[in-house]
Amino acid sequence: MRTITYAQAIKEALVEEMRRDPTVILYGEDVANFGGIFRITSGLKEEFGDERVFDTPISENAFVGAGVGAALTGLRPVVELQFADFLFTTGDEIVLKAGMWRYAHGGAYKVPLVVRCPSGAAGVGPEHGQCPEAFFMHAPGLKIVSPSNAADAKGLLKSAIREDNPVLYFEHKLLYATKGEVPDDPDYLVPLGKAAIAREGDALTLVAISAMVPKALAVADRLAKEGHHIEVIDPRSLCPFDRPAIIESVKKTGKIVVAEESYRTLGVGAEIGAMLMEDALEYLDRPLRRVAIPDVPIPTAAILEQFVIPNEEKIYQACRELLA
Amino acid sequence: MDRNLKLLIYRNMIVSRRLEERIAELIKAGQVGGFMHPGVGQEALQCAAIAGLRPDDYLLYAHRGVAYWVARGIPLEKVLCDLAGREGGTNRGKGGVMRVVYPELGVLGESGTLGGCFPIATGAGLSIKVKGGDQAVLVFFGDGTSNRGTFHESLNLCAVRKLPVVFLCENNGWAVSMPTERSTAVRDIADRAKGYAIPGVVVDGNDPEKVFDAVGEALKRARSGAGPSLIEAKTYRLWGHWIGDPDTYRSREEVEKQWRRDPIPAFEARLAGEGLLNDAMRDEIDREARAKIDRAIEFMQKQSFPPPESALEDLFA
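Residues numbered from 1 in each chain as written. Chains lettered and ligands numbered in written order. Predicted model: local features only at pLDDT ≥ 70, side-chain atom pairs only at ≥ 80, totals over all residues.

Visitor: Would you mind going over the overall build of chain A with me for this structure?
Guide: When helices and strands are tallied, chain A shows 12 helices and 14 strands. For chain A, the spread of C-alpha atoms along the principal axes amounts to about 60 × 45 × 40 Å. Here the contacts in chain A between residues at least 6 apart in sequence split such that 79% fall between residues at least 24 apart. (Helix = DSSP H or I, 4+ residues; strand = E, 2+ residues; numbered from the N terminus. Contact = placed C-beta atoms within 7 Å.)

Structure below.
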């Protein structure tokens with residue numbers, strides 16, 4: 001199978017779905033003429049024209065809300081936010097409009113909208129470097145995906161575009177250049193709501209999200225050399241969340257660590273902890289451990305950023321503690 | 001404006017006024033628990049503007065009364081069932097009377113947050129343009145809502161993309177207890193159109209013919225691909241902000257003076273002067289309206305409430 005980058009996989013998904021379905025449109029800041037600040041959408045305007053691929057003014061409320069309006073009236077808009085952090089700028093349109101329009105109107109309309117959200121700390125500081133998935137897991141009506149590799153980036157984006165509900169698609173900035181094998185089948189889809197077992201094992205369950213997955217796999221390699229074969233689970237979708245995948249793994253291992261780039265309080269790990277308390281307490285023989293950002297904003301200077309972002313060493317130490 | 005159209009607008013104004021009077025009675029008697037923002041005094045502009053729409057156009061109404069739905073032709077019993085939170089309405093108890101929805105006639109629903117309507121309208125305009133149609137979007141909003149940031153963002157985006165959206169401001173002078181002159185830096189909200197290089201016109205919102213003409217012009221412009229327009233219809237909210245509003249923030253003199261500008265008797269006098277309406281016809285239109293409303297209320301009262309567990313439905317398609 002051919003090997004391409006995560007960024008190329010995203011672009012392939014966009015191009016294939018736009019060729020397949022004329023109701024798919026793509027817009028956002030600097031996406032058309034410039035090809036996006038992360039260069040994901042270069043050449044799309046040339047292929048699909050200015051009606052389907054266009055630049056917007058700096059008006060996140062208007063253009064994300066317009067995505068909802070366009071979705072209600074028969075299009076499948078893919079809206080690019082320059083940074084995932086701007087979800088907070090357009091919170092009304094995301095939480096109250098995209099998430100609630102269908103419900104509040106008794107199911108009269110569907111909202112097939114995808115919002116692409118480049119996420120993750122990359123030396124860009126508090127308002128451009130977050131992984132804010134957990135904030136939106138709390139909001140009813142939104143589906144949320146965070147692919148960790150090129151194949152999932154493609155398959156999840158294609159599924160998101162074909163989905164009849166709003167999807168927040170988190171693409172981690174530090175994963176753009178990572179490479180992986182990606183099928184070239186134009187109907188290659190990764191279903192929403194289905195976790196992947198990134199590494200099988202029975203010593204401990206390590207749940208890792210987005211850019212934490214490659215770090216978790218490195219930790220698994222290191223622990224394997226020490227004789228501990230851990231299981232790495234990549235949820236891929238945070239809403240719907242594949243609860244059975246985690247519970248099945250914990251039944252086998254009895255131990256769980258969650259590594260995420262969210263703030264610790266009420267992060268993804270907190271929800272997993274609550275879920276285990278409800279449904280799997282009897283299988284746990286050690287307490288849950290979370291590796292997350294201590295509850296501070298993400299600082300800009302590399303030395304400070306690296307102190308707060310979970311890294312291999314922190315994940316390794318959390319696993320070691322439970323394996324001791 | 002042709003005779004039948006004038007009488008249609010008049011009939012819709014009467015049905016709307018009578019319906020709100022009945023709804024106020026039902027609410028005060030505790031027979032329905034809905035949260036209703038009456039539009040008494042603003043029916044002329046609402047009915048006249050909607051009379052200019054085609055069935056395939058899109059409508060985003062504001063929260064000010066029932067006339068939008070009456071004028072668009074949504075069955076009254078459905079509106080009443082939504083108000084009462086019963087089955088038989090348009091939104092299965094999920095959104096109440098502020099979320100009346102009717103896809104068959106392009107009634108997209110309502111944003112609960114004021115100003116949330118503008119981006120939605122922009123998106124509907126985008127759909128029309130991408131699909132190459134000649135429909136238009138009509139979005140109503142109040143003077144207070146014109147101070148939301150979404151107003152600026154959406155007008156600008158519609159103007160640069162030349163989207164077929166007509167922005168119709170119902171300036172009734174008050175945003176709950178805040179008078180427009182204290183909330184809004186410009187005297188005429190239509191002046192804001194200059195900031196987007198689009199037409200901005202002020203019309204007497206209590207004159208249905210002037211509103212119909214102004215909206216007609218803007219719809220024509222939208223359908224031709226020339227882009228959005230902003231219309232400001234000056235009117236007045238004769239009742240409180242909601243049914244039950246103590247309305248202590250306005251002087252009685254001001255409100256009484258405005259009752260003398262009530263658009264209904266004014267339009268009646270004009271139609272009578274043109275030989276289109278006489279006392280017998282007026283009484284007949286009124287009787288018909290009341291009978292229609294009685295039937296709708298009777299229907300609503302027979303509907304059951306939705307099963308409680310249906311609260312868990314309708315989230316995802």
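Still more to cover.
Visitor: When you look at the sheet that holds strand β6 (residues 200–204) of chain B in this model, what are you seeing that I'm missing?
Guide: What links the strands of a sheet is backbone hydrogen bonding, and the strands pair in either a parallel or an antiparallel sense. Residues and elements named next belong to chain B. Within the open sheet, the five strands sit side by side as β1-β2-β3-β7-β6. Their pairing is parallel. If you trace the sheet from one side to the other, it starts and ends with β1 (58–60) and β6, each paired once. Strand after strand, the sheet turns through a mean of 20° between neighbouring axes, direction not considered. With six bridges connecting them, strand β3 (residues 165–171) and strand β7 (residues 229–234) associate as parallel partners. In the sheet register, Glu-170 faces β7, and the bridge partner there is Ala-233. (Pairing = 2+ DSSP bridges. Axes fitted to C-alpha atoms, helices over the stretch in contact; angles between N-to-C directions.)

Visitor: Would you take a moment to explain the confidence of the model for chain B for this structure?
Guide: Any region with low pLDDT has predicted coordinates that should not be read closely. Here chain B averages 97 in pLDDT, while 100% of its residues score no lower than 70. Scoring of the predicted complex yields 0.98 for pTM and 0.97 for ipTM. (pLDDT = per-residue confidence, 0-100.)

Visitor: Would you mind showing me how to read the packing of helix α3 (residues 60–72) of chain A against helix α4 (residues 91–98) of chain A here?
Guide: For any two helices packed against each other, one specifies the inter-axial angle together with the distance between the axes. All names here are of chain A. Where α3 contacts α4, the axes come no closer than 8 Å and their chain directions differ by 20°. When the axes of α3 and α4 are compared, the pair comes out roughly parallel. Where α3 crosses over α4, the handedness of that crossing is right-handed. For the pair α3 and α4, contact is made by Asn-61, Val-64, Gly-65 and Val-68 and by Asp-92, Glu-93, Ile-94, Lys-97 and Ala-98, respectively. Classifying every residue of the contact of α3 with α4 by side-chain character gives four nonpolar, two polar and three charged. (Parallel < 35°, antiparallel > 145°, perpendicular 65-115°, else oblique. Left-handed = near helix turned anticlockwise from the far one by under 90°. Nonpolar A, V, L, I, M, F, W, Y, C, P; charged D, E, K, R; others polar.)

Visitor: Even after reading the chapter, I still don't get the sheet that holds strand β5 (residues 114–119) of chain A, so can you show me in this structure?
Guide: All names here are of chain A. On the basis of which strands lie adjacent, the open sheet formed by seven strands has the order β3-β2-β4-β5-β7-β6-β12 and mixed pairing. Either end of the sheet is taken by a strand with one partner, and the two such strands are β3 (53–55) and β12 (237–239). Neighbouring strand axes in the sheet, compared pairwise and without regard to direction, differ in orientation by 20° on average. As paired elements, β5 and strand β7 (residues 167–172) share six bridges and run parallel to each other. Across the sheet, residue Arg-116 finds its bridge partner in β7, namely Tyr-169. In this fold helix α1 (residues 6–20) packs onto β2 (24–28), β4 (76–80) and β7, with an angle of close to 135° to the strand it touches most, β2.

Visitor: Is there a simple way to explain the interface of chain B and chain A in this structure?
Guide: One frequently used descriptor of interface size is the decrease in accessible area upon assembly of the parts. Contacts between the two partners involve 38 residues from chain B and, on the opposite side, 37 residues from chain A. Counting residues per element, the ones that place at least two in the side of chain B that touches chain A are α5 (117–131) and α6 (149–161) of chain B. The dominant element in the side of chain B that touches chain A, judged by the number of residues it contributes, is α5(B), at 12 residues. Considering only residue class, the side of chain B that touches chain A consists of 16 nonpolar, 15 polar and seven charged.

Visitor: Please explain the environment of A:Gly74 as it appears in this structure.
Guide: Turning to its location among the elements, A:Gly74 is positioned in the loop between α3 and β4. With 36 residues separating them along the chain, A:Gly74 and A:Lys110 place their C-alpha atoms 9.1 Å apart. Not counting the four nearest positions on each side in its chain, A:Gly74 is found in contact with A:Thr23, B:Ser127 and B:Lys131.

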